[in-house]
Structure formats: structure tokens, C-alpha cells
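# Working through the structure, step by step
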Amino acid sequence: QVQLMESGGGSVQAGGSLRLSCSGPKSVLTRQRMAWFRQAPGNKREGVAVLYSSIGSTDYADSVKGRFIISRGAYNTVDLQMFSLKPEDTAVYFCAAGPYGGRWSDSSGYNDWGQGTQVTVSS
């Protein structure tokens, strides 16, 4: 049963911005770790950003540091603000929820996933 839903994907030119939102039941959105992953065709799913719910700290993949921001939105969402987008950011983006444990970027550590939203960045 899919409990999370992503929104906000779309097509943008390089250098542009997009804001993704992850919505769902509060019980899921307040899991210990909320993360965004992405998967491009032929590639493994990779961790993009994580938010640790109890302490509010965040971490990012090196490829997006300084360009992406993960945060809690105003309406019970977990958002990913993406700036200075590059063609290599093109992928399906997923939000995920899970407990503490292991590397945050390991997708096997998350119990709940959304179905994903497409982000396409053209050069």
C-alpha cells in the first residue's frame, strides 16, 4: 500500500528551479528519517537528501549540496527545493520514510515509498 505521494515534478531548463512535495499520513511523514531518492534510466536508485525528524538535521548527496534543500513544508509535507538544476538531475524522484539505521542513502533502510515524480532538465 503506497502511503506517500510526490508532486511538483516537471520539465525545466538548466539553471532553473523546481519544488517537490511529499504528502501522506502524519504517522508516516514523522518517521525518524524522511528522504528523497532519485533514479535515472539504467541507474541505481540514489539518495539525494535526508531529514532526521526528531532533531531536524539534514544531509545531502555531494552532487546536490548547495543546490537542493530538504525541509518540512507548511502543510504537513516534506519538500525538496531544487535550484540550479542540471541535465544530470533528470530522474524520477521518490520520497521515502523509515527508521534510523545504516547509511541514510541506502534505499533498503526505508519502509514506505511514493510512486515517484518525473523531473526533466534540458540543456
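Values in this document were obtained by computation on a predicted structure and should not be read as measured data.

Bringing the sheet that holds strand β7 (residues 68-72) into the picture now. Pairing in this open sheet of four strands is antiparallel, and the strands run β1-β3-β8-β7 from one edge to the other. Sheet topology places β1 (5-7) and β7 at the edges, where each strand pairs with a single neighbour. In this sheet, neighbouring strand axes are inclined to one another by 15° on average, regardless of whether the strands run parallel or antiparallel. One ladder, built from three bridges, connects β1 with strand β3 (residues 18-23); its direction is antiparallel. When the bridges of β3 are listed, Ser 7 appears paired with Ser 21.

What follows concerns the pairing of β7. Where β7 and strand β8 (residues 77-82) come together, five bridges link them in antiparallel fashion. Residue pairing for β8: Ile 70 is matched across the bridge by Leu 80. Between β7 and β8, which follow one another and run antiparallel, lie four residues, and Asn 76 among them has a positive phi close to 55°.

Bringing the state of the cysteines into the picture now. Taken as a whole and assessed by the stated rule, the structure comprises one disulfide. Between Cys 22 and Cys 95 runs a disulfide, and the two sulfur atoms are separated by 2.1 Å. Negative torsions about the S-S bond denote left-handed disulfides, and the value of about 60° found for Cys 22 with Cys 95 makes this one right-handed. Highlighted residues: Cys 22 in strand β3 and Cys 95 in strand β9 (residues 91-98), separated in sequence by 73 residues. Accessibility assignment for this pair places Cys 22 and Cys 95 in one class, buried.

The rules behind the values
Residues numbered from 1 in each chain as written. Predicted model: local features only at pLDDT ≥ 70, side-chain atom pairs only at ≥ 80, totals over all residues. Heavy atoms only, no water. Pairing = 2+ DSSP bridges. Helix = DSSP H or I, 4+ residues; strand = E, 2+ residues; numbered from the N terminus. Axes fitted to C-alpha atoms, helices over the stretch in contact; angles between N-to-C directions. Disulfide = S-S within 2.5 Å. Buried < 20%, exposed > 50% of the residue type's maximum accessible area, 1.4 Å probe, protein only.

Function-wise, these values are silent; they only describe arrangement.
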